[in-house]
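A closer look at the structure
This is what each chain is made of:
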Amino acid sequence: MLGRQDEMSFTLEDIKDMDKETYEELKALEEMDEEDIDSLEFTFQTTKEIIGGPPIDTPLKPGGAQITLCKANVKEFIQLKVRHNFYHSIEKQLRAFQEGFYLIIPARIAAIFTEDEIFSLLCGDKNIEISTDWALWGVKPEMMVLWAKELRWLAEVISEYTPEEKQKHLMFQMGQKRIPRGGWANSGAKLTFKPHATDSLPSACTCGKELKLPHYTSKEMLKKQLMTALYNFEGFAFS
């Protein structure tokens, strides 16, 4: 997108979250012993199946059809395969996207930013920090007084989150994996409490980015039920 594809180095880890099936196949290939790799009789080319027509073989590098895959070059094969799948095979679409992107942000301005900065602007910050400044959750001062005990418990639970639990909380409450650029203050998060004591699970309205907590009688109950929700929700199951 920034016109720096010649500088790009593709690795297997780059596709772990985007294409799990291909990642697992190539990971298994990387871990094979020499005898198993030799038995595959692969060359440095990739095959695209065409419905109603013959398959199309594309070399991953010049002369790829004559280069046999072996343990010594398996890492190069994987790197070229990832580059082909996520750049060369969709180069036409990427060019079209780039042209549209430059209509919004001119190339001379986009060139100022690094890839990580562009990614952060478009997709949000990958470093998740969940604020316990309840004003940023839309909690009014009088409610902070009324629910002081519960807010303290929730703050303590959040402070104990692992990175995985932070991401699960974000997905549960907002349906997203990253916080917008600018941090929690720009997240639009909301927090409300149900007035009556209960042991039911928390719920969330992802469209409104709202977490709804029952009135729990202890921190232990709050943590138990919140974790149950974070680790077991599917889609809008608790909304």
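Residues numbered from 1 in each chain as written. Predicted model: local features only at pLDDT ≥ 70, side-chain atom pairs only at ≥ 80, totals over all residues. Heavy atoms only, no water.

1. Digging into the overall build of the chain
Looking only at helices and strands, the chain features 10 helices and five strands. For 239 residues, the compact-globule formula gives about 18 Å, and the C-alpha radius of gyration of the chain, at 24 Å, lies well above that figure. Overall size of the chain, expressed as C-alpha extent along the three principal axes, is 75 × 50 × 35 Å. Taken across its 239 residues, the chain has 32% of its residues classed as buried. Contacts in the chain between residues at least 24 apart in sequence constitute 59% of all its contacts with a sequence separation of at least 6. Carbon and sulfur atoms provide 54% of the accessible area of the chain, an area that totals close to 14,900 Å². (Helix = DSSP H or I, 4+ residues; strand = E, 2+ residues; numbered from the N terminus. Rg over C-alpha atoms; globule rule 2.2 N^0.38 Å. Buried < 20%, exposed > 50% of the residue type's maximum accessible area, 1.4 Å probe, protein only. Contact = heavy atoms within 4.5 Å. Areas by Shrake-Rupley, 256 points an atom, 1.4 Å probe, with all protein chains shown as cover.)

2. Details of the packing of aromatic side chains
Overall, the coordinates contain seven aromatic pairs when judged by the stated rule. Taking 5.4 Å as the distance between ring centres and 80° as the angle between the ring planes, the aromatic pair formed by Phe 44 and Phe 77 counts as edge-to-face. Linking Phe 44 in the loop between α2 (34–40) and β1 (45–48) with Phe 77 in helix α3 (residues 74–86), this pair joins segments that are 33 residues apart in sequence. Comparing Phe 44 with Phe 77 shows no difference in burial state: the two are buried. Summarising the aromatic geometry, the rings of Phe 101 and Tyr 102 are spaced 6.1 Å apart at their centres and angled 55° between planes, so their arrangement reads as tilted. Connected via pairs of aromatic rings, a cluster forms that spans Phe 97, Phe 101 and Tyr 102. (Phe/Tyr/Trp six-rings, centres within 6.5 Å; stacked < 30°, edge-to-face > 60°.)

3. Section: the nonpolar core
Across soluble globular proteins, nonpolar side chains have a tendency to be buried as a group. Trp 134, Trp 137, Leu 154, Tyr 161, Trp 184 and Leu 191 are the most contacted members of the largest nonpolar core, which has 30 residues in total. Leaving out residues up to four positions away in the same chain, Leu 191 has contacts with Trp 134, Trp 137, Val 139, Leu 151, Leu 154, Leu 211 and Leu 213. Core analysis: the second largest hydrophobic core is formed by 16 residues, Leu 26, Ile 37, Phe 44 and Ile 78 among them. (Core = buried A, V, L, I, M, F, W, Y, C linked by side-chain atoms within 4.5 Å.)

4. Details of the packing of helix α9 (residues 163–174) against helix α10 (residues 219–232)
Relative orientation of the contacting elements α9 and α10 amounts to 80°, with a least axis distance of 9 Å. Put simply, α9 runs roughly perpendicular to α10. Counted together, Glu 164, Glu 165, Lys 168, His 169 and Phe 172 of α9 and Met 227, Ala 229, Leu 230 and Tyr 231 of α10 form the full contact between these two elements. Class assignment for the residues of the contact of α9 with α10 results in five nonpolar, one polar and three charged. (Axes fitted to C-alpha atoms, helices over the stretch in contact; angles between N-to-C directions. Parallel < 35°, antiparallel > 145°, perpendicular 65-115°, else oblique. Nonpolar A, V, L, I, M, F, W, Y, C, P; charged D, E, K, R; others polar.)

5. A closer look at the pairing of strand β5 (residues 210–215)
Inspection of the sheet shows strand β4 (residues 203–205) paired to β5 by three bridges, in the antiparallel sense. Residue pairing in the sheet places Ser 203 in a bridge with Lys 212 of β5. Where β4 folds back onto β5 in an antiparallel hairpin, the turn is made up of four residues, including Lys 209, whose phi is positive at roughly 55°. (Pairing = 2+ DSSP bridges.)

6. Details of the pattern of salt bridges
One pass over the full model with this rule turns up eight salt bridges. In this structure, Glu 30 and Lys 27 form a salt bridge, with 3.6 Å as the shortest nitrogen-oxygen distance. Highlighted residues: Glu 30 and Lys 27, both in helix α1 (residues 20–31), separated by three residues, approximately one helical turn. Residue class for Lys 27 comes out partly exposed when judged on its relative accessible area of 26%. The salt bridge involving Glu 91 is made with Arg 95; its shortest N-O contact spans 3.6 Å. One end of the pair is Glu 91 and the other is Arg 95, both in helix α4 (residues 91–104) and four residues apart, which spans about a single turn. Its relative accessible area of 28% is what places Glu 91 among the partly exposed residues. (Salt bridge = Lys/Arg side-chain N within 4 Å of Asp/Glu carboxyl O.)

7. Some thoughts on a negative patch on the surface
A contiguous patch of negative charge, built from Asp 33, Glu 34, Glu 35, Asp 36 and Asp 38, is present on the exposed surface. Here Asp 38 lies in helix α2. (Patch = residues over 30% accessible without salt bridge, like charges linked within 9 Å, V, L, I, M, F, W, Y side chains within 5 Å. Lys, Arg positive; Asp, Glu negative; His and termini not counted. Charge placed at Lys NZ, Arg CZ, Asp CG, Glu CD.)

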